[in-house]
Every structure is written in C-alpha cells, then in structure tokens.
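As a plain string of letters, each chain reads:
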Amino acid sequence: LGVVLVAGGQAVRLAALATCGEHFAHRVATQKPQHHRLVTTGVYSVLRHPSYCGWFWWSLGTQVLLANPVCFALYALLSWRFFRDRIPFEEATLGAFYPREYPSYRARTHVGIPFIS
C-alpha cells in the first residue's frame, strides 16, 4: 500500500507540474499575472489541485512504507489542515481571476483529499 501511495502521489504531482508548466507556482498569486491562464487540461481536467492531492497521498505513503503509525496520523492531520486552509484561499483568488470560467471548472472537478471539496 505504501508503494502505491508514494508512486501514485508522485505520478499525480509530476503530471500536475508538467501540465501546468510555467503557470505552476509554490505561492498563491494574489494578483493575476498578465500571462496567467486557467489550466483545465490533462490531470487538471479531473483534479483541481493535483499537486496538493499528489503530495498529500505521497506523504502518507512514506509513513506507511516506514510502518510509522504515529507519524502517519500526524502527517494526515497536519497536511489535511494545511490544505483545508490553503485550498479555499487559492480557489477564491482563482474565482476572482476567472469569474466566468472557474465556477463551472470547480463544479466538474475534484480535490482528491478526503473531506475537502
């Protein structure tokens, strides 16, 4: 199970980076860059935040591989709380950047992290 989570999470994250290309950033933009566009193809056609989803599952998989239930629980809780706070902020900025496109994109895609929609 750990190998599947690590490999699957890494594959999703790499697909996100490759699909997003120059539009990927580690910081959430609060002002729309002139060249920015809403990426909705590839893995982004299914997952709104594939990099976050991939990292979440990858990080849990590392703890399964290490057979570390305490860190598994901590990683799950802390990662989930981080994304629970970050994703709504990022989605608010994307909604402001793309008021016509983002609501329908959001409606047809998933986050891929439990209990975060």
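Residues numbered from 1 in each chain as written. Predicted model: local features only at pLDDT ≥ 70, side-chain atom pairs only at ≥ 80, totals over all residues. Heavy atoms only, no water.

**Student:** Account for the side chain of Thr62, with residues named and values stated.
**Tutor:** The topology assignment puts Thr62 in helix H2 (residues 50–65). Using a relative accessible area of 17% as the deciding quantity, one classes Thr62 as buried. Not counting residues up to four positions away in its chain, the partners in contact with Thr62 are Val6 and Tyr75. (Helix = DSSP H or I, 4+ residues; strand = E, 2+ residues; numbered from the N terminus. Buried < 20%, exposed > 50% of the residue type's maximum accessible area, 1.4 Å probe, protein only. Contact = heavy atoms within 4.5 Å.)

**Student:** How would you summarise the layout of surface pockets if you had to cite specific residues and measurements?
**Tutor:** Here the largest pocket defines a volume of roughly 640 Å³. As for the largest pocket, its lining consists of 33 residues, of which His23, Phe24, Ala25, Tyr52 and Glu90 are closest to the centre. Every element with two or more residues in the lining of the largest pocket is listed here: helix H1 (2–20), H2, helix H3 (69–97) and helix H4 (102–108). The greatest single-element share of the lining of the largest pocket, amounting to eight residues, is contributed by H3. Class assignment for the residues of the lining of the largest pocket results in 18 nonpolar, eight polar and seven charged. (1 Å grid on protein atoms, 1.4 Å probe; cavity = no way out; pocket = protein on both sides within 12 Å on 5 of 7 lines; lining within 4 Å. Points joined across faces, edges and corners; volume = space filled by probe spheres on them. Nonpolar A, V, L, I, M, F, W, Y, C, P; charged D, E, K, R; others polar.)

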